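# Fold and geometry: a report
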Amino acid sequence: MLNFYRNIFQHSKSLKRLPPLRSFVSATIAEAKSVNNATNPEEEKDKTSSTTPPKSNCMVKTVFASIQLQDKDDQINTPFTDKKLETATTVDELLSISEGNGVSRRHALKVVSILSAWTSSDKIALKEFERDPRFLRLCKILTKGSIGSKTARTTPSPPLKSDDLTTVLSVTADDEAAKLVSSITLSQMIKVLSTLSIKRRRSTLLLQTLAFNIAGSSEQMNIKECADLLYSISCLNFFDENLFAKSANNVISALQGTNITKSAVIGSIITSVGLLKYKNPDLLDAISDWVVKNHTICRPQDIFSLFMTLAVLNYIPSNSKHMFKVLLPQLTPAEAGRPGIWLEIVWSLVLLNQATCEQLKSVLHEEFINKLKEQKGLNTSAILKLLNIDGAAHYLIQNYKGPKIATDQYIRKTSFPMGKEKELMVNSVIDALKSLIPDSYFRSRVNTGLGFYIDAECALDKSCNPLPLKSTGNAEIIKVAMLTYDYHDICKGKSDLTGINVFCQRLLTAMGYRVVSIPFTDFRVTDKIVNKVQYLENQLKQAVSRQ
């Protein structure tokens, strides 16, 4: 499902180079190099023409990349110099720090950071320091090592891997990184997030700093910035409640305007919300309203994405009656194009309890399954969805008389591994359950053949006494299915089960089971065994007494 999300909508992003420290960059580096040993002019010319990055990036790339290097003098206590920097009010006072020997990288970075902030706030002009030899000297310290040190490097620095402001912000262990984040604009912060997502660089401290500053900004994001932000954090799998709330509120405000003429950006937001499993009723209602009102300009894939996101989040919008009437007719195999996409759509409608018998027939037919095989689309994800749909055809859709997957069909035995967190939780539940029920009276990791597992299955009487699983002819037998839920099974924003987990419960209930839900928020693997046993006992008693 997640891979399909990424395939169905290609996020168009024309990311430009970031200009966070303005355009004094190129001159700084060019002159910093001239201070060092002379090199072959023709060689420099060749290098400049072929490898020199855009001017707006050189300062960030060269000056700040080396701050990641550790220096012993960074740990030296220098109260006089620190106070001098803190109380400085002019460029001259700041740059005077470079006069003398033994200037540390920490002090050089502090000066450059302050100059950057002053420049960004228009307190000073670039011309006041961009050509100043003292400023070039500080740049040399940051790129080559401390001046005056006998161990200073004289060889050129290796090629840098970062191209933009993320080089500065990657200094996550330094307090200066947070100060630099707070000194850039909101749009620049979003561009930093976009670049991090492209590079798949997930620095928790850096992301938290960006989230704090973006969420705390009073500036409003436009719809494109919201889309870029949500897409970036979905790629980085990063969650911050305040950041989500800021994004949701800005999207809702933007949707109330009239200047959105293309659906691609809305489709991007819908897709990212689904990937993040972010359940915000107000946001989902606003998006659903916009799509219904503008369905004539919406691309088919954006409408598909809306239904898939709603299915993942198990959410029925407030305008559902009108939405289903307007949009459901647009969900057709012809519009889907590929069998794999149509399977995703039907599966989503099954989870939303909106699938018709004809739609189920279209994907459970042997001819359709063969098409999936031919196009190499019958992977594990597709098989599990087919089995989910088949389960709905057997137990949830009344009067369904179409094709079904044979009981002896090999795909019914399809297995899939558990994540580490889920496995730890299931094992912990099984260990606790052994204190309540004999081993031979329950089964674990039961493959239903319908695309999901029962974590533990047992049979109880009305007094909650365990019975053999194969007991027959006893009207008091109560079949119990225990399902554990880890962090990935719960929506963000609103702590509800995701759509597939709600569907599995519906299916098990229709099959005659009493379902016991065990969320990670209530059952902690680190708890004492006695607490876990008591919790399970209470859950089983509630299941038995449930009518």
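Residues numbered from 1 in each chain as written. Predicted model: local features only at pLDDT ≥ 70, side-chain atom pairs only at ≥ 80, totals over all residues. Heavy atoms only, no water.

Core analysis: the largest hydrophobic core is formed by 107 residues, its most contacted members being Ile-266, Val-291 and Phe-307. One finds Leu-460, Val-480, Met-482 and Ala-543 within the second-largest nonpolar core, a separate group that totals 24 residues. (Core = buried A, V, L, I, M, F, W, Y, C linked by side-chain atoms within 4.5 Å. Buried < 20%, exposed > 50% of the residue type's maximum accessible area, 1.4 Å probe, protein only.)

Before going further, it helps to spend a moment on the side chain of Arg-412. Position of Arg-412 among the secondary structure elements: in the loop between helix 23 (380-395) and helix 24 (420-433). A polar contact of 3.0 Å, which involves the side chain of Arg-412, links it to the backbone oxygen of Ala-406. The residues contacting Arg-412, other than those within four sequence positions of it, are Leu-387, Asp-390, His-394, Ile-405, Ala-406, Thr-407, Asn-447, Gly-449 and Leu-450. (Helix = DSSP H or I, 4+ residues; strand = E, 2+ residues; numbered from the N terminus. Polar contact = N/O pair within 3.5 Å; in protein donor to acceptor, adjacent residues only side chain to side chain. Contact = heavy atoms within 4.5 Å.)

In this section: the pattern of salt bridges. Going through the model one piece at a time under the given rule, you end up with 10 salt bridges. In this structure, Arg-134 and Asp-132 form a salt bridge, with 3.1 Å as the shortest nitrogen-oxygen distance. Just as Arg-134 is buried, Asp-132 falls in that class too. Notably, a salt bridge pairs Asp-489 with Lys-422, separated by 3.2 Å at the nearest N-O pair. (Salt bridge = Lys/Arg side-chain N within 4 Å of Asp/Glu carboxyl O.)

As a further point, take the packing of aromatic side chains. A full pass over the atoms with the stated rule returns 6 aromatic pairs. When the ring of Phe-416 is compared with that of Tyr-453, the centres are 5.0 Å apart and the planes differ by 65°; the resulting orientation is edge-to-face. In this pair, Phe-416 sits in the loop between helix 23 and helix 24 while Tyr-453 sits in strand 2 (residues 453-460), placing the two residues 37 residues apart along the sequence. According to the relative accessible area criterion, Phe-416 is partly exposed, its value standing at 27%. Residue classification places Tyr-453 among the buried positions, given a relative accessible area of 11%. An aromatic cluster is present here, built from Phe-239, Phe-244 and Tyr-278 joined pairwise through their rings. Lying across the ring of Trp-118, Lys-123 places its NZ or CZ 4.2 Å from the centre. Taking NZ or CZ as reference, Arg-445 lies 5.7 Å from the ring centre of Phe-416, over its face. (Phe/Tyr/Trp six-rings, centres within 6.5 Å; stacked < 30°, edge-to-face > 60°. Lys NZ or Arg CZ within 6 Å of the ring centre and 35° of its normal.)

Treat this as a map of the structure, not an account of what it does.
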